[in-house]
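Coordinate analysis (summary)
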Amino acid sequence: MSYTASSNRYEQMEYRRCGNSGLMLPAVSLGLWHNFGDIDSMNKARDILRTAFDHGITHFDLANNYGPPPGSAEKNFGQLFKADFLPYRDELIISTKAGWKMWEGPYGDWGSRKYLVASLDQSLKRMGLDYVDIYYHHRPDPHTPLEETMSTLDLIVRQGKALYVGISSYQPAEAAKAIAILRELGTPCLIHQPKYSMFERWVENGLLDVLEREGVGCIPFSPLAQGMLTNKYLKGVPTDSRAASHRGNGAMEEDQVTPEKLDKVKRLNVLAEQRGQSLAQMALAWVLKDPRITSVLIGASKPEQVTDSLQCIKNYQFSSEELALIEGILR
Ligand SMILES: NC(=O)c1ccc[n+]([C@@H]2O[C@H](COP(=O)([O-])OP(=O)(O)OC[C@H]3O[C@@H](n4cnc5c(N)ncnc54)[C@H](OP(=O)(O)O)[C@@H]3O)[C@@H](O)[C@H]2O)c1
């Protein structure tokens, strides 16, 4: 059935300015790392994308290697995009990345000009797009000069293949250097994509300060710790969960659902109930409480998870007592 987006979609979402740029992003964005590969149901994938856009989620995040197999998330997204979202292209922010191993040989990994240019050409073909809105270097490369990687991002924008560029998983000092090089080249760094959640706090040790000082946005990935920070593992590991699915490609495994983690999750869940939120909503709200965060980048295996999670924007205020209680649980 052909798709018409919900007419009140923009009333349901909050939009935040991305750093000092002109771009606004939804406070909740959707990532296609898992659940959009060839091993997944296309019908479900279609429902997730439609539900997200119907609720004002205008940003879909991909990477060359998402699947599995690598490349299949972009290919499947391309098909769904063509069927449903072509009329809405100018209402969407679509990102992709390169930086992890994508193909054999010395040119299919890390951060060379050769890899980044070839990979984006492949991504555009798979998705059937003329350009992406944001192109990221996916992880720092200790061997390629930062000048080469950053000047390639600048080149790609000048070629019209991306509108903005970003970096992912760069530590504070290397992020500051990359941001300075890009500024010098005339293509400002739009955004940084780090892992950040109640269970993963490294960005608080300098990165968020660098981004604030430099006027760069921040879009944390895995804000639900791949599903740990929800109520789904409280009564064991469900067979349809990510932890039980052996998806590979960095997806969490069952042995990561430890008794210590579950104990914290249980206590956090009680606090979330007291706030009138699901644990997923509270975990996302906790990330969004910091104004330096532009958007939380969630994943979803069902449309209902999208509609549950995005309610986090209804309350991301925390009292000092609540924050202290959370710190006590996480310690
Ligand atoms: N830059 C990078 O290096 C990098 C790395 C990783 C991810 N990312 C990006 O970040 C995005 C999100 O990562 P993620 O998928 O790990 O994020 P996440 O939001 O931490 O985890 C998503 C998973 O949590 C579960 N879930 C989500 N909402 C739920 C809810 N309301 N109630 C119960 N369970 C819920 C689902 O697991 P089940 O499948 O078990 O139902 C879902 O697949 C990726 O798609 C990708 O775009 C970037």
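Provided above is the structure to which this section pertains.
Residues numbered from 1 in each chain as written. Predicted model: local features only at pLDDT ≥ 70, side-chain atom pairs only at ≥ 80, totals over all residues. Heavy atoms only, no water.

**Focus: the site of the ligand**
Condition: One heavy atom suffices: a residue is near a molecule or strand as soon as one of its heavy atoms comes within 4 Å of it. Any N or O atom pair separated by 3.5 Å or less is treated as a polar contact, with the protein-specific requirement of one donor-capable and one acceptor-capable atom, and with residues adjacent in sequence counted only for side-chain atom pairs. Note on areas: Shrake-Rupley, 1.4 Å probe, and residue coverage restricted to the protein chains presented here. Labels follow the DSSP assignment, with helices taken as runs of H or I lasting at least four residues and strands as runs of E lasting at least two, numbered in each case from the N terminus. Here the nonpolar group is Ala, Val, Leu, Ile, Met, Phe, Trp, Tyr, Cys and Pro; Asp, Glu, Lys and Arg are the charged ones; every other residue, Gly included, is treated as polar.
The full set close to the ligand counts 31 residues, and Asp61, Ser222, Lys232, Arg242 and Ser301 are the nearest of them. Lysine 232 places a side-chain nitrogen or oxygen 2.5 Å from an oxygen atom of the ligand. One of the backbone N or O atoms of glycine 299 is found 3.1 Å from an oxygen atom in the ligand. When the ligand is considered free in solution it has 920 Å² of accessible area, and contact with the protein chains removes 95% of it. Residue assignment for the shell around the ligand shows that the elements contributing at least two residues are β10 (296-298) and α9 (303-309). Top contributing element to the shell around the ligand by residue count: α9, with three residues. Looking at the shell around the ligand, its residues break down into 12 nonpolar, 14 polar and five charged.

**Concerning the packing of helix α5 (residues 172-185) against helix α6 (residues 207-214)**
Helices that pack against each other are described as a pair by the angle of their axes relative to one another and the distance between those axes. Cut-off, in case you're wondering: With axes taken as lines fitted to C-alpha atoms, and helix axes fitted only over the stretch in contact, angles between N-to-C directions fall between 0 and 180 degrees. For classification, angles of less than 35 degrees are called roughly parallel, those exceeding 145 degrees roughly antiparallel, those between 65 and 115 degrees roughly perpendicular, and all remaining angles oblique. By convention the crossing between two helices is left-handed if the near helix lies anticlockwise of the far one by an angle smaller than a right angle, and right-handed if it lies clockwise. The contact criterion used throughout is that any non-hydrogen atoms of two residues lie within 4.5 Å.
Packing of α5 against α6 leaves a shortest axis separation of 9 Å and a crossing angle of 20°. Judged by the angle between their axes, α5 and α6 are roughly parallel. In terms of crossing hand, the pair formed by α5 and α6 is right-handed. Taking contact as the criterion, the partners of Pro172, Ala175, Ala176, Ile179 and Arg183 in α5 are, on α6, Leu207, Val210, Leu211, Arg213 and Glu214. Split into classes, the residues belonging to the contact of α5 with α6 amount to seven nonpolar, no polar and three charged.

**Re the pattern of salt bridges**
Put simply, the rule is: The salt bridge definition used is simple: a Lys or Arg side-chain nitrogen within 4 Å of an Asp or Glu carboxyl oxygen. The classification of residues rests on relative accessible area computed with a 1.4 Å probe and restricted to protein chains. Under 20% of the type maximum is buried, over 50% is exposed, and intermediate values are partly exposed.
Taken as a whole and judged by the stated rule, the model has 22 salt bridges. Between aspartate 40 and arginine 247 there is a salt bridge, and its shortest N-O distance comes to 2.9 Å. Remark: arginine 247 occurs in the loop between β9 (217-218) and α7 (259-274) and aspartate 40 occurs in the loop between β3 (28-31) and α1 (42-54); sequence separation between them is 207 residues. The burial state of aspartate 40 is the same as that of arginine 247; both residues are buried. The partner of glutamate 327 in a salt bridge is arginine 201, and the shortest N-O contact between them spans 2.9 Å. Separated by 126 residues along the polypeptide, glutamate 327 in helix α10 (residues 320-330) and arginine 201 in the loop between β8 (189-193) and α6 bring together distant segments of the chain.

**Details of the packing of aromatic side chains**
Applied cut-off: Centres within 6.5 Å make a pair out of two Phe, Tyr or Trp rings, where for Trp the six-membered ring is used; the pair is then stacked when the planes are under 30 degrees apart, edge-to-face when over 60, and tilted otherwise. Two conditions define a charge located above a ring, namely a distance within 6 Å from the ring centre to NZ of Lys or CZ of Arg, and an angle within 35 degrees of the ring normal.
Inspection of every chain in the model, using the stated rule, returns 10 aromatic pairs. Ring centres 5.7 Å apart and planes at 50° place the aromatic pair tyrosine 196 and tryptophan 286 in the tilted group. Taken together, the residues span a long stretch of sequence, with tyrosine 196 in the loop between β8 and α6 and tryptophan 286 in helix α8 (residues 279-288) at a distance of 90 residues. According to the relative accessible area criterion, tyrosine 196 is buried, its value standing at 3%. Within the aromatic cluster, the residues linked to one another by ring pairs are Tyr3, Phe53, Phe60, Phe77, Phe81, Phe85 and Tyr88. In this structure, arginine 16 packs its charged tip against the face of tyrosine 316, placed 4.9 Å from the ring centre. The ring of tyrosine 136 has lysine 97 sitting right over it, with the charged end atom 5.7 Å from the ring centre.

**Thoughts on the environment of threonine 58**
Within the fold, threonine 58 resides in the loop between α1 and β4 (59-61). Residues threonine 58 and glutamate 212, 154 residues apart in the sequence, show an inter-C-alpha distance of 24 Å.

**Quick notes on the pairing of β8**
Note the cut-off: A pair of strands counts as paired when DSSP detects no fewer than two bridges linking them. Look down the strands so they point away from you; if going from the first strand over the helix to the second traces a clockwise path, that crossover is right-handed.
Counted residue by residue, β8 has five buried out of five residues, so it is predominantly covered. The pairing of strand β7 (residues 162-168) with β8 spans four bridges and is parallel. Counted as the bridge partner of valine 165 is cysteine 189 from β8. Pairing geometry for β8 and β9, over two bridges, is parallel. From the neighbouring strand, histidine 192 faces β9, where its bridge partner is cysteine 218. Crossover handedness for the path β8 to α6 to β9: right-handed.

**What to know about the nonpolar core**
To keep it simple, the criterion reads: We call a set of buried residues a nonpolar core when its members are Ala, Val, Leu, Ile, Met, Phe, Trp, Tyr or Cys and they connect through side-chain atoms within 4.5 Å of each other.
Ranked by internal contacts, the top residues of the largest apolar core, which has 97 residues, are Leu30 and Phe60. In this structure, leucine 30 is in contact with Phe36, Ile48, Leu49, Ala52, Ile57, His59, Phe60, Asp61, Leu297, Ile298, Ala300 and Val306, ignoring residues within four places of it in sequence. Counting residues in each nonpolar core, the second largest holds 10 residues, with Leu23, Leu25, Ile93 and Ile191 among its members.

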